[in-house]
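Residue strings, one per chain:
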Amino acid sequence: MRASPSGFGIALLATVVAAGIASAQSSYPCAETNSNLPNPYRQAANWASPPRPWSPVNAVAVDRNNNLWAVDCCETDDCVPVIELGPDGKTLANFGPGLFVEPHQAAIDKDGNLWVADAAAKGMQGMQVTKLSPDGRVLLKLGKPGQGAGETSLDIFDSPTGVAVASNGNIYISEGHGETRANNSRIMVFTKDGKFIKTFGTRGTGDGQLRSPHALAFDSQDRLYVADRGNSRVVIFDRDGTFLAAWKQFGRPSGLAIDNNDMLYVADSQSSDAPSAANYNPGCQRGIRIGSVKDGKVMYFIPPPVPPDPKMQPPIGIVVDGNGAIYAASDDQKDIKKYVKD
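Predicted model only: the values in this text are computed from it and were never measured.

Asks: Please clarify how the overall build of the chain should be interpreted in this entry.
Replies: Helices and strands together make up the secondary structure of the chain, namely one helix and 26 strands. Against the compact-globule benchmark of 20 Å for 342 residues, the chain has a radius of gyration of 19 Å, which places it among compact chains. Projecting the C-alpha coordinates of the chain onto the three principal axes gives extents of approximately 60 × 50 × 40 Å. Across the 342 residues in the chain, those meeting the buried criterion constitute 54%. In the chain, 47% of the contacts between residues at least 6 apart in sequence involve partners at least 24 apart.

Written out as structure tokens, the structure reads:
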């Protein structure tokens, strides 16, 4: 059936408008955001009652009931990595022994299933993306356990770092952890049932390129936001993989999240003023930057908590619930910080 001219025009206009909005959102140095930004949040003390002390943790997600799901890096054989906490911090579920090596980011789909990207290998384990039901059943595994991949492989992951779910249920996975080696630095797309669809993005510094992407999130318009940590920027694509914009103002992003109001939350755990450092990003302070995806302007800055050891990085993983509470997960500090508005 032939599409009507009016229908085609509306679709074309929507595409142009979406691209125009993103390209109009300008990038500016993150140093300009470091002074005089308000911090309307306070850290909630002793908010969580997990079944055990936290292990190193990056992977956090929030479901439609505002329950927090955390998947940490178990350090003992008897550790059970998946923990569900209610908004009051009480444990609701704990499952998944032996499933993961280095859970890196988590996401929840519209059916309440938990997706976990496991970025490391240990023997014939890890390097996969796992789909779990809310009661802990393994529904699907993508990738091959314990195996890394070259750029031509479509069924083996090269250190999957991030996972996000589009409105149509498709699963987007970033791969390429670490910057001391050449890696894929790309996005792979699958159906919710694990069928490969496409890949986009290549390793580099140009428009549409990535260097060790570290986390993913979608906004309400199905634009994909990538924590392009190696390039110290947030890169934005449409759902089809078309490059829209790259923003430097949110710092060197290790983690990012977008709430129901299209506010972007970016955790910068690495920026350094040392010219010789691999994470050199002059003028950027470590912490959490918050701004609207509508104009890309950074509005708030949350300074990082003082760590027990100054060598420890600030939180890396970040997620926001429907009430506006921010959860910031730290592998170095083995903790999840909760921030609420004053």
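Asks: What is the right way to look at the confidence of the model for the chain in this model?
Replies: In low-pLDDT segments, the atomic positions of the prediction should not be examined closely. Mean pLDDT for the chain: 91, with 91% of residues reaching 70 or above. Contacts for the low-pLDDT stretch residues 1-21, under 50 throughout, to residues beyond four places or in other chains number four contacts.

Asks: What is the right way to look at the packing of aromatic side chains in this model?
Replies: Two descriptors summarise a pair of aromatic rings, namely the distance from one centre to the other and the angle between the planes of the rings. The tally for this structure, following the rule as stated, stands at ten aromatic pairs. Their ring planes at 55° and their centres at 6.0 Å tell us that W69 and F95 sit as a pair that is tilted. Here the residue W69 occupies a position in strand β3 (residues 68-72), and F95 occupies one in strand β5 (residues 91-95), the gap between them amounting to 26 residues. Relative accessible area serves as the criterion here: at 3%, W69 is assigned to the buried category. Judged by its relative accessible area of 10%, F95 falls in the buried class. Here the aromatic cluster, defined as three or more aromatic residues joined through ring pairs, consists of Y172, F200, F218, F237 and F243.

Asks: Is there a simple way to think about the pattern of salt bridges in this case?
Replies: If the charged atoms of two oppositely charged side chains come close together, the side chains can form a pair. The full count for this structure, using the stated rule, is eleven salt bridges. Between D219 and R223 there is a salt bridge whose closest N-O contact spans 2.8 Å. There is no split in this pair, since D219 and R223 are both buried.

Asks: Help me understand the layout of surface pockets, please; the structure alone is not making it clear to me.
Replies: To find leftover empty space, one rolls a probe the size of a water molecule over the atoms. Reported here for the largest pocket is a volume of approximately 1,000 Å³. In this structure, the largest pocket is lined by 41 residues; those nearest its centre are V62, I108, V165, I258 and N260. Taken together, the elements giving at least two residues each to the lining of the largest pocket come down to β2 (57-62), β6 (103-108), β10 (160-165), β16 (216-218), β20 (253-258) and β24 (317-320). With four residues, the single largest contributor to the lining of the largest pocket is β6.

Asks: Sorry, what's going on with the pairing of β2 here?
Replies: Every other side chain in a regular strand lies on the same face of the sheet, so the side chains alternate between the two faces. The element β2 is largely enclosed, with a buried count of six among its six residues. Direction of pairing for β2 relative to β3: antiparallel, over a ladder of five bridges. In the strand pairing of β3, A61 is matched with W69. Following β2, the chain reverses through five residues before pairing antiparallel with β3; N66 in that reversal takes a positive phi of roughly 65°.

Asks: Would you explain the state of the cysteines in this entry?
Replies: Put plainly, two cysteines are in a disulfide when a covalent bond ties their sulfur atoms together. Enumeration over the complete set of coordinates arrives at two disulfides. With a sulfur-sulfur separation of 1.7 Å, C30 is cross-linked through a disulfide to C284. Here C30, found in the loop between α1 (5-24) and β1 (41-44), pairs with C284, found in the loop between β21 (263-268) and β22 (287-292); they are 254 residues apart in sequence, far enough to count as distant. Note on cysteine connectivity: C74 is disulfide-linked to C79, with sulfurs 2.0 Å apart. Torsion about the S-S bond of the C74 and C79 cystine: about -65°, corresponding to left-handed handedness. The class of C74 is partly exposed, set by a relative accessible area of 28%.

Asks: Even after reading the chapter, I still don't get the side chain of R252, so can you show me in this structure?
Replies: Among the structural elements, R252 can be located in the loop between β19 (243-247) and β20. Judged by relative accessible area, R252 falls into the buried class, the value being 2%. A distance of 3.1 Å separates a polar atom in the side chain of R252 from the backbone oxygen of R229. If we skip the residues at most four places from it in the chain, R252 touches E179, R229, G230, S232, A267, D268, S269, Q270, S271, A278, N279 and N281.

Asks: Even after reading the chapter, I still don't get the sheet that holds β5, so can you show me in this structure?
Replies: One key point about sheets: their strands pair by backbone hydrogen bonds, in either a parallel or an antiparallel sense. Taken together, four strands build an open sheet; the order of strands is β2-β3-β4-β5 and the sheet is antiparallel. On the outer flanks of this sheet lie β2 and β5, each paired with one strand and no other. Across this sheet, the average inter-strand angle for adjacent strands is 20°, counted without regard to direction. Pairing geometry for β3 and strand β4 (residues 82-85), over four bridges, is antiparallel.

Asks: Just to check I follow, could you spell out the environment of K311 for this structure?
Replies: When you line up the elements, K311 lands in the loop between β23 (298-302) and β24. Separated by 21 residues in the primary sequence, K311 and D332 have C-alpha atoms spaced 8.9 Å apart.

Asks: It is not clear to me how the environment of T130 should be interpreted in this structure. Could you clarify?
Replies: In this structure, T130 sits in strand β8 (residues 129-132). Residue class for T130 comes out buried when judged on its relative accessible area of 1%. For the pair T130 and F100, spaced 30 residues apart in sequence, the C-alpha separation works out to 9.1 Å. In this structure, T130 is in contact with F100, L114, W115, V116, V138, L140 and K141, ignoring residues within four places of it in sequence. A distance of 3.1 Å separates the side chain of T130 from the side chain of K141, its partner in a polar contact.

Asks: What should I look at first to understand the sheet that holds β10 in this one?
Replies: Across the sheet, which stays open at both edges, the four strands sit in the order β10-β11-β12-β13 with antiparallel pairing between neighbours. The open sheet has two edge strands, β10 and β13 (196-200), and neither has a second partner. Taking each pair of neighbouring strands and ignoring which way they run, the sheet shows an average axis angle of 20°.

Basis of the calculations
Residues numbered from 1 in each chain as written. Predicted model: local features only at pLDDT ≥ 70, side-chain atom pairs only at ≥ 80, totals over all residues. Heavy atoms only, no water. Helix = DSSP H or I, 4+ residues; strand = E, 2+ residues; numbered from the N terminus. Rg over C-alpha atoms; globule rule 2.2 N^0.38 Å. Buried < 20%, exposed > 50% of the residue type's maximum accessible area, 1.4 Å probe, protein only. Contact = heavy atoms within 4.5 Å. pLDDT = per-residue confidence, 0-100. Phe/Tyr/Trp six-rings, centres within 6.5 Å; stacked < 30°, edge-to-face > 60°. Salt bridge = Lys/Arg side-chain N within 4 Å of Asp/Glu carboxyl O. 1 Å grid on protein atoms, 1.4 Å probe; cavity = no way out; pocket = protein on both sides within 12 Å on 5 of 7 lines; lining within 4 Å. Points joined across faces, edges and corners; volume = space filled by probe spheres on them. Pairing = 2+ DSSP bridges. Disulfide = S-S within 2.5 Å. Polar contact = N/O pair within 3.5 Å; in protein donor to acceptor, adjacent residues only side chain to side chain. Axes fitted to C-alpha atoms, helices over the stretch in contact; angles between N-to-C directions.

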